[in-house]
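Architecture at a glance
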Amino acid sequence: KNEVEQSPQNLTAQEGEFITINCSYSVGISALHWLQQHPGGGIVSLFMLSSGKKKHGRLIATINIQEKHSSLHITASHPRDSAVYICAVFQGAQKLVFGQGTRLTINP
Amino acid sequence: GAVVSQHPSRVICKSGTSVKIECRSLDFQATTMFWYRQFPKKSLMLMATSNEGSKATYEQGVEKDKFLINHASLTLSTLTVTSAHPEDSSFYICSASYSGPRLLNTEAFFGQGTRLTVV
């Protein structure tokens, strides 16, 4: 079992739908990242969370430290949101442990 | 946010040659840089961690003589793939972190990645 598990692995939705991607982890962490990787490969850090909730535009990220669970939500999804979303946790010493990623496809 | 620049974005090289990939932090001093490798449709795999001025720490199974990492300054780390082989073809990506008052030391900033093809 991976230390960081994401679900679903693949998600296809229609433009405008509300999207939720989940991340569960089994280790103690100092912080959790949500990352976005576009087909070209570059990675963008969307959020860094250690508690609570953060919002940036149509993106919302939440984390429950007690339950070791985080969610990434996308409201009013758009085809340009199509990408791989990766959950990664910091396990001390600045080392990141990555989930396997969720491939999101938003159809027009 | 902070910017990490990785160069080149794509490189094709012949078997047996060496390829150098650069990772620069443009607007902050990166105390630690990480090198990752990503296979198609797989997640990132940490290859090594480098701290400025000291030897890199390699993950188990990563050949340090094949993947040479140099972190000579607080803004530059390089990964050199020596005696490249077709099985080294992959996507390589760096990230940098910063410890200081302006940014938390758990912030990570990623380069754009380098797609290496060895023919």
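The sections below set out a description of the structure shown in this document.

Definitions and limits used
Residues numbered from 1 in each chain as written. Chains lettered and ligands numbered in written order. Predicted model: local features only at pLDDT ≥ 70, side-chain atom pairs only at ≥ 80, totals over all residues. Heavy atoms only, no water. Phe/Tyr/Trp six-rings, centres within 6.5 Å; stacked < 30°, edge-to-face > 60°. Helix = DSSP H or I, 4+ residues; strand = E, 2+ residues; numbered from the N terminus. Buried < 20%, exposed > 50% of the residue type's maximum accessible area, 1.4 Å probe, protein only. Polar contact = N/O pair within 3.5 Å; in protein donor to acceptor, adjacent residues only side chain to side chain. Core = buried A, V, L, I, M, F, W, Y, C linked by side-chain atoms within 4.5 Å. Contact = heavy atoms within 4.5 Å.

Points about the packing of aromatic side chains
All names here are of chain B.
- This model, assessed by the stated rule, comprises six aromatic pairs over all chains.
- Ring centres of F67 and Y92 lie 6.3 Å apart, and the angle between their planes is 45 degrees; this geometry places the pair in the tilted category. Taken together, the residues F67 in strand β7 (residues 67-73) and Y92 in strand β9 (residues 90-97) connect sequence positions 25 residues apart.
- The class for F67 is buried, based on a relative accessible area of 6%.

Some details on the environment of S82 of chain A
All names here are of chain A.
- Topologically, S82 is positioned in the loop between β8 (69-74) and β9 (83-90).
- Placed 48 residues apart in sequence, S82 and W34 show a C-alpha to C-alpha distance of 15 Å.
- A polar atom in the side chain of S82 sits 2.8 Å from the backbone nitrogen of I106.

Describing the nonpolar core
- Core analysis: the largest hydrophobic core is formed by 25 residues, its most contacted members being V4, W35, F67, L79, Y92 and L116 of chain B.
- Secondary structure elements with two or more residues in this core: β2 (10-13), β3 (19-25), β4 (32-38), β5 (44-51), β7, β8 (76-81), β9 and β11 (114-118) of chain B.
- Here L79 of chain B is in contact with V19, K20, I21, W35, F67, L68, I69 and Y92 of chain B, once residues within four sequence places are set aside.
- Core analysis: the next-biggest nonpolar cluster, separate from the first, contains 24 residues, V4, L72, C87 and V89 of chain A among them.

Comments concerning unusual backbone geometry
- At the junction of S7 of chain A and P8 of chain A, the peptide bond is cis and its omega measures out at -5 degrees in the coordinates.
- Position of P8 of chain A relative to the elements: it lies in the loop between β1 (4-7) and β2 (10-14).
- That bond from H7 of chain B to P8 of chain B is cis: its omega, 0 degrees, falls within 30 degrees of zero.
- Mapped onto the elements, P8 of chain B comes out in the loop between β1 (4-7) and β2.
- Of note, the phi angle at K68 of chain A is positive, near 55 degrees, even though the residue is not glycine.
- Looking at where K68 of chain A falls in the secondary structure, it is placed in the loop between β7 (59-64) and β8.
- Owing to a relative accessible area of 31%, K68 of chain A belongs among the partly exposed residues under this scheme.
- Of note in this structure, S83 of chain B is not a glycine but carries a positive phi near 45 degrees.
- With respect to the helices and strands, the residue S83 of chain B is situated in the loop between β8 and β9.
- Under the relative-accessibility criterion, S83 of chain B is labelled partly exposed at 49%.

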